[in-house]
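Here's the letter readout for the chains.
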Amino acid sequence: MNEFQGKRIVLGVTGGVAAYKAAELVRLLVKAGAAVDVVLTAAGARFVGAATFQALTGRRVWHAMWDERMEIGMAHIDLTRGASALLVAPATADFLAKLAHGLADDLLSTLCLARDCPLLVAPAMNRQMWENPATQRNVAQVRADGVSILGPAHGEQACGEVGDGRMLEATELFDDLYASLRVKSLGGKRVLLTAGPTFEALDPVRGLSNSSSGKMGFALARACVEAGAQVTMVAGPVALATPRGVNRLNVQSALQMREAVMQELPGQDVFIAVAAVADYRPRKAAAQKIKKSASSLTLELDANPDILAEVAARPDAPFCVGFAAESCDLAVYAEGKRVAKKLALVVGNLVQDGLGGETNAVTLFDAAGAHVLPLAEKSEVARGIVAHIASLMEERRGQR
Ligand code: CTP
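On a predicted model such as this, the values are computed, not experimentally measured, just so you know. (Residues numbered from 1 in each chain as written. Predicted model: local features only at pLDDT ≥ 70, side-chain atom pairs only at ≥ 80, totals over all residues. Heavy atoms only, no water.)

**Student:** For the site of the ligand, give the residues involved together with the corresponding values.
**Tutor:** Around the ligand, the surrounding shell consists of Ala273, Ala275, Val277, Asp279, Pro305, Asp306, Ile307, Leu308, Gly322, Phe323, Lys337 and Lys341. Note that an oxygen atom of the ligand is positioned 2.9 Å from one of the backbone N or O atoms of Leu308. In this structure, an oxygen atom belonging to the ligand sits 2.8 Å away from a main-chain N or O atom of Phe323. Looking at the shell around the ligand, its residues break down into seven nonpolar, one polar and four charged. (Near = heavy atom within 4 Å. Polar contact = N/O pair within 3.5 Å; in protein donor to acceptor, adjacent residues only side chain to side chain. Nonpolar A, V, L, I, M, F, W, Y, C, P; charged D, E, K, R; others polar.)

**Student:** Residues and numbers for the pattern of salt bridges, please.
**Tutor:** Within the structure shown, the criterion is met by 28 salt bridges. Between Glu3 and Lys7 there is a salt bridge, with the nearest N and O atoms lying 3.3 Å from each other. Glu3 sits in the buried class, given a relative accessible area of 13%. We classify Lys7 as partly exposed; its relative accessible area is 26%. Between Arg244 and Asp176 there is a salt bridge, with the nearest N and O atoms lying 2.8 Å from each other. Note that Arg244 is positioned in the loop between strand E11 (230-235) and strand E12 (246-250) and Asp176 in helix H9 (residues 170-181), a separation of 68 residues in sequence. Since its relative accessible area comes to 13%, Asp176 is described here as buried. (Salt bridge = Lys/Arg side-chain N within 4 Å of Asp/Glu carboxyl O. Buried < 20%, exposed > 50% of the residue type's maximum accessible area, 1.4 Å probe, protein only. Helix = DSSP H or I, 4+ residues; strand = E, 2+ residues; numbered from the N terminus.)

**Student:** Before we move on, could you go through the sheet that holds strand E1 (residues 8-13) and cite the residues and values that matter?
**Tutor:** Across the sheet, which stays open at both edges, the five strands sit in the order E2-E1-E3-E4-E5 with parallel pairing between neighbours. Across the chains shown, the open sheet's two edge strands, defined by having one partner strand only, are strand E2 (35-40) and strand E5 (148-149). Pairing of E1 with E2, which is carried by six bridges, proceeds in the parallel orientation. Residue pairing in the sheet places Ile9 in a bridge with Val36 of E2. Along the sheet, H9 makes contact with E1, strand E3 (85-91) and strand E4 (119-123), crossing E3 at roughly 155 degrees. (Pairing = 2+ DSSP bridges. Contact = heavy atoms within 4.5 Å. Axes fitted to C-alpha atoms, helices over the stretch in contact; angles between N-to-C directions.)

**Student:** Now, about the packing of aromatic side chains: what can you tell me, with residues and values included?
**Tutor:** The tally for this structure, following the rule as stated, stands at two aromatic pairs. The interplanar angle of 50 degrees and the centroid separation of 5.0 Å between the aromatic rings of Phe4 and Phe174 together place this pair among those described as tilted. You can see Phe4 sitting in the segment before E1 and its partner Phe174 sitting in helix H9, a full 170 residues away along the chain. Overall, Phe174 belongs to the buried group, its relative accessible area being 18%. Pairing Phe4 with Tyr178 gives two aromatic rings, centres 5.5 Å apart and planes at 75 degrees, and the pair type is edge-to-face. (Phe/Tyr/Trp six-rings, centres within 6.5 Å; stacked < 30°, edge-to-face > 60°.)

**Student:** Which residues make up the nonpolar core, and what values go with them?
**Tutor:** Within soluble globular proteins, side chains that are nonpolar tend to cluster in buried spots. Counting residues in hydrophobic clusters, the biggest one holds 39 residues, and the most contacted among them are Leu186, Val191, Val231, Ile272, Ile385 and Ile389. Those elements that provide at least two residues to this core are strand E8 (190-195), helix H10 (215-226), E11, strand E13 (270-273), strand E16 (319-326), strand E17 (345-350) and helix H15 (378-399). Leu25, Val61, Ala89 and Phe174 belong to the second-largest nonpolar core, a separate cluster that totals 35 residues. (Core = buried A, V, L, I, M, F, W, Y, C linked by side-chain atoms within 4.5 Å.)

**Student:** With reference to specific residues and values, describe a nonpolar patch on the surface.
**Tutor:** Residues Tyr280, Leu297, Leu299 and Leu301 make up a contiguous nonpolar surface patch of about 400 Å² in total accessible area. In this fold, Leu299 is placed in the loop between strand E14 (280-282) and strand E15 (301-303). Since its relative accessible area comes to 39%, Leu299 is described here as partly exposed. (Patch = residues over 30% accessible without salt bridge, like charges linked within 9 Å, V, L, I, M, F, W, Y side chains within 5 Å. Areas by Shrake-Rupley, 256 points an atom, 1.4 Å probe, with all protein chains shown as cover.)

**Student:** Kindly report on the environment of Ala278, identifying the contributing residues and their values.
**Tutor:** Take Ala278: it is sitting in the loop between E13 and E14. Sequence separation of Ala278 and Gly196 is 82 residues, and the distance between their C-alpha atoms is 11 Å. Contacts of Ala278, omitting those with residues within four sequence positions, involve Thr198, Glu200, Ala254 and Asn304.

**Student:** Outline the pairing of E16, supporting the account with residue identities and numerical values.
**Tutor:** Burial runs high along E16: six of the eight residues are buried. In terms of strand pairing, E13 meets E16 through four bridges, oriented parallel. Within E16, the position partnered with Ala273 by the bridge is Gly322. Pairing of E16 with E17 involves six bridges; the strand directions are parallel. Residue pairing in the sheet places Ala325 in a bridge with Asn349 of E17. The handedness of the E16 to E17 crossover, carried by helix H13 (residues 330-340), is right-handed. (Right-handed = clockwise from strand over helix to strand, strands pointing away.)

**Student:** Before we move on, can you summarise the packing of helix H1 (residues 19-31) against H9 with the specific residues and values?
**Tutor:** Between H1 and H9, the shortest axis-to-axis distance is 8 Å and the interhelical angle comes to 50 degrees. One way to sum up the angle between H1 and H9 is to call them oblique. Seen along the crossing, H1 lies across H9 with a hand that is right-handed. Residues Lys21, Glu24, Leu25, Leu28 and Leu29 of H1 pack against Ala170, Thr171, Leu173, Phe174 and Leu177 of H9. Its residues placed into classes, the contact of H1 with H9 shows seven nonpolar, one polar and two charged. (Parallel < 35°, antiparallel > 145°, perpendicular 65-115°, else oblique. Left-handed = near helix turned anticlockwise from the far one by under 90°.)

**Student:** If you had to explain the side chain of Glu3 to someone new, which residues and values would you point to?
**Tutor:** Its location among the elements puts Glu3 in the segment before E1. A polar contact of 2.9 Å, which involves the side chain of Glu3, links it to the side chain of Arg182. Those residues in contact with Glu3 that lie beyond four places of it in its chain are Tyr178, Leu181 and Arg182.

**Student:** So, the sheet that holds E11: which residues are in play, and what are the values?
**Tutor:** Pairing within the open sheet is mixed, and its eight strands lie in the order E12-E11-E8-E13-E16-E17-E19-E20. The open sheet terminates on both sides in strands that have one partner only, identified here as E12 and strand E20 (369-372). The mean inter-strand angle of the sheet, taken between neighbouring strand axes irrespective of direction, is 20 degrees. Its contacts with the sheet place H10 against E8, E11, E12, E13 and E16, and it is angled at close to 165 degrees to E11. In this fold H13 packs onto E16, E17 and strand E19 (363-366), with an angle of close to 40 degrees to the strand it touches most, E19.

Here it is, written out as structure tokens:
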């Protein structure tokens, strides 16, 4: 399932240095299976030439309202007919001003008015232009008109200044555009997740942990954002980039993870425990580095609280989802955990299928039985899990 496969995207490129990122974005979209029609404004063409976009899309680039390739001379209307989205990236301050006032004096601005597909814009400009009250007024108006504003990011700018106004990177625009095409099956819902391993300190430099990569939890967090949820993720120590749109809280130990979860829990609709929480922690963490002094060392361990079981046992428990990574007898152990912890759903996998890698093969265990999801990229598996959660929640609502 790839949202871009067979879809057509219209990409407007206005006159900003960030136009070079639009070329990279086109490459990503085409690779994902989309057909991309690029509309260049006169200023946009000064930054990246039509030949580049033509080569990347394999399609002619559009410039003018009077283009005779459109049968009845209606390029300003026909180009977005049947398109899945119109994205303007980069969108200059001037273009945002035109959009805010409904001006239509070239092909791209006309297409923005005459369309029945969603419009997304990625602002790109110098920080003073972005902060200017006129631009802020225009952005507020455009947003109120139902247009999605992607970014801008904060950072170093082409002019050498540092501030807000940088266009998002091509991969970020790709992700946001992808999300905009997804069904909002968790729209309006709040989701809390745990992800990654925990680290239980023995002394200032050593500790007990496990080899969880955090990839599945991070992919699920992103899939929940794509589905329209407001997502908070409590993450153990992993060096993964925070998925776009996810509010991330970093913790180390199981006790810290529990505390963060309990603090964030009120008002959550769904709790997904993906973290590989250490079952035990050293009874005492040494204040100073433990020195090698004897031929053997005995550690005393205390059991950690079971965060998921504790959340699921609350009278006001949200919809609870657990994970079971097993080395054998998956169905027996996973279903056993679901019943013992009173969970709506357990996502089970064999460790040899998922640990650390980019793909996973999981089976979903719920009250109705087992549902196998095929081996796929973790991002795709995550979308399958989210779809299942949404349908179970819908079923529950129907039963009430
Ligand atoms: N979990 C948790 N807090 C813990 C331990 C586990 O929230 N202290 C959650 C995990 O995030 C996961 C599920 O519970 O969703 C895993 O269940 P568990 O029975 O603890 O799995 P294992 O630790 O692998 O159990 P076992 O070693 O008995 O197989």
